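# Notes for the structure review
Given next are the chains, with one letter for each unit.
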Amino acid sequence: MAQFQFTRLTEHGAQRTSCLAQAMGNKSLANQTWLFVSPHDDDLCIGAGLFMQAAIREGATVHALIVTDGCMGYCRIEDRDQIIQIRREETYQSFAVLGIPESQVHYIGYPDGGLVPYIGRRRAQSGEDDIAGYIGLQNALTYHLRQIRPTRVYVPTHTDLHPDHRITHSELMISVFHAAGAIWPELGKPLDETPSVGELAVYCDFVDLPNLEIIGDAEVFQTKLDSIAVYKSQIQIERLVDSLRRAGPYEYVRESEFRLFTPDTYKPFFATYTVAEGGKSS
């Protein structure tokens, strides 16, 4: 049976365990739904191929939501006109290798490398592929969050150089807020609770130290590599597979805090200063 090791960093130190639920502070993951939001179809198997396997093995229902259509990811001229369909077929096969069925792989399908016009939300014009009469990332992400109703949401870090990654991250964060509120009722019932959000590293580093390490054995590591290798249309991915193989079966996650502003956060900080006569601090 495949084995994992998880190390969770907390304010009290490090906790090491072979149980993902315990590492996440839960008794079980069996009733949890996890949503991995991916700017591109091959990002998740690279950044979370071990993590998704571990969650599935402990009973979590794992969904993937892919934001772009992959239209700019052709490496051969002869693939250019068919690359969207080629990558779609590769994606379903790749996620099946990890244990995620096609019914749990969802698409927004906005243009690869062209997300800027889709920031926010606006009324759809004639002929545009809308959801409830609107288009835009906040519209689509809010809709899918309310339909899937995840316990936890994961997305590549915003520090990535690719604009699609940065835009997906920022639009998801505000959409988590929208999905848990009463706004835009035509997109579905608001979430009962705001899901926790975590960041994955795909190509670039984290902005802050990650707090969860996932180590897999040879079996699950090979499964991850196999899922990446499915993307045969992405010729450059072969070099990445070699790099990942040399690095070994390690992945990292950084849990993000989704906090709203309150003056109470900063009152104690300013209260520590003493003000001398004349109004200057001392």
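Anything mentioned here points back to the structure above.
Predicted, not measured: the structure shown is a model, and the values here were computed from it.

### What about the pairing of strand β3 (residues 33-38)?
With 6 of 6 residues buried, β3 lies mostly within the body of the structure. Burial along β3 is two-sided: the face carrying Thr33, Leu35 and Val37 and the face carrying Trp34, Phe36 and Ser38 are both buried. Pairing between β3 and strand β4 (residues 61-68): 6 bridges, direction parallel. Each bridged residue has a counterpart across the sheet, and for Leu35 the counterpart in β4 is His63. You can see the chain leave β3, run along helix α2 (residues 43-57) and come back into β4, and the turn it takes is right-handed. The sheet contact formed by β3 and strand β8 (residues 152-156) spans 3 bridges and is parallel. Paired with Leu35 across the two strands is Val153, which belongs to β8.

### What about the side chain of Thr7?
Among the structural elements, Thr7 can be located in strand β1 (residues 4-10). Assessed through its relative accessible area of 6%, Thr7 is described here as buried. A polar side-chain atom of Thr7 sits 2.9 Å from a polar atom in the side chain of Arg16. With residues near it in sequence (within four places) discarded, Thr7 still touches Ala14, Gln15, Arg16, Asn211, Leu212 and Glu213.

### As for a nonpolar patch on the surface
Together, Phe261, Tyr266, Phe269, Phe270 and Tyr273 line one region of the surface with nonpolar side chains, adding up to about 650 Å² of accessible area. Secondary-structure assignment places Tyr266 in the loop between β11 (250-256) and α8 (267-271).

### Observations concerning the environment of Gly127
Of note, Gly127 is situated in the loop between β6 (122-123) and β7 (134-135). Exposure remark for Gly127: the relative accessible area of 81% places this residue in the exposed category. When the C-alpha positions of Gly127 and Phe206 are compared, they lie 39 Å apart, and in sequence the two are 79 residues distant.

### A word on the nonpolar core
Grouped together as the largest cluster of nonpolar side chains are 42 residues, with contacts concentrated most on Leu20, Trp34, Phe36, Phe51, Met52 and Phe95. It is α2 that provides the largest number of residues to this core, a total of 9 residues. What Leu20 contacts, discounting residues up to four positions off in sequence, is Phe6, Leu29, Trp34, Phe51, Ala54, Ala55 and Glu58. Residues Leu137, Val155, Val176 and Val197 belong to the second largest nonpolar core, which totals 22 residues.

### Focus on the sheet that holds β11
To summarise the sheet geometry, strands pair through backbone hydrogen bonds and adopt either a parallel or an antiparallel arrangement. The 9 strands are arranged β2-β1-β10-β11-β9-β8-β3-β4-β5 in an open sheet whose pairing can be described as mixed. A single partner strand is all that each edge strand has here, and the edge strands are β2 (13-17) and β5 (105-110). Sheet twist, expressed as the mean angle between neighbouring strand axes with direction ignored, is 20 degrees. Running at roughly 155 degrees to β5, helix α3 (residues 83-98) makes contact with β4 and β5 of the sheet. Those strands touched by helix α4 (residues 137-148) are β3, β4, β5 and β8, and its axis lies near 170 degrees from that of β5.

About the cut-offs
- Residues numbered from 1 in each chain as written.
- Predicted model: local features only at pLDDT ≥ 70, side-chain atom pairs only at ≥ 80, totals over all residues.
- Heavy atoms only, no water.
- Buried < 20%, exposed > 50% of the residue type's maximum accessible area, 1.4 Å probe, protein only.
- Helix = DSSP H or I, 4+ residues; strand = E, 2+ residues; numbered from the N terminus.
- Pairing = 2+ DSSP bridges.
- Right-handed = clockwise from strand over helix to strand, strands pointing away.
- Polar contact = N/O pair within 3.5 Å; in protein donor to acceptor, adjacent residues only side chain to side chain.
- Contact = heavy atoms within 4.5 Å.
- Patch = residues over 30% accessible without salt bridge, like charges linked within 9 Å, V, L, I, M, F, W, Y side chains within 5 Å.
- Areas by Shrake-Rupley, 256 points an atom, 1.4 Å probe, with all protein chains shown as cover.
- Salt bridge = Lys/Arg side-chain N within 4 Å of Asp/Glu carboxyl O.
- Core = buried A, V, L, I, M, F, W, Y, C linked by side-chain atoms within 4.5 Å.
- Axes fitted to C-alpha atoms, helices over the stretch in contact; angles between N-to-C directions.

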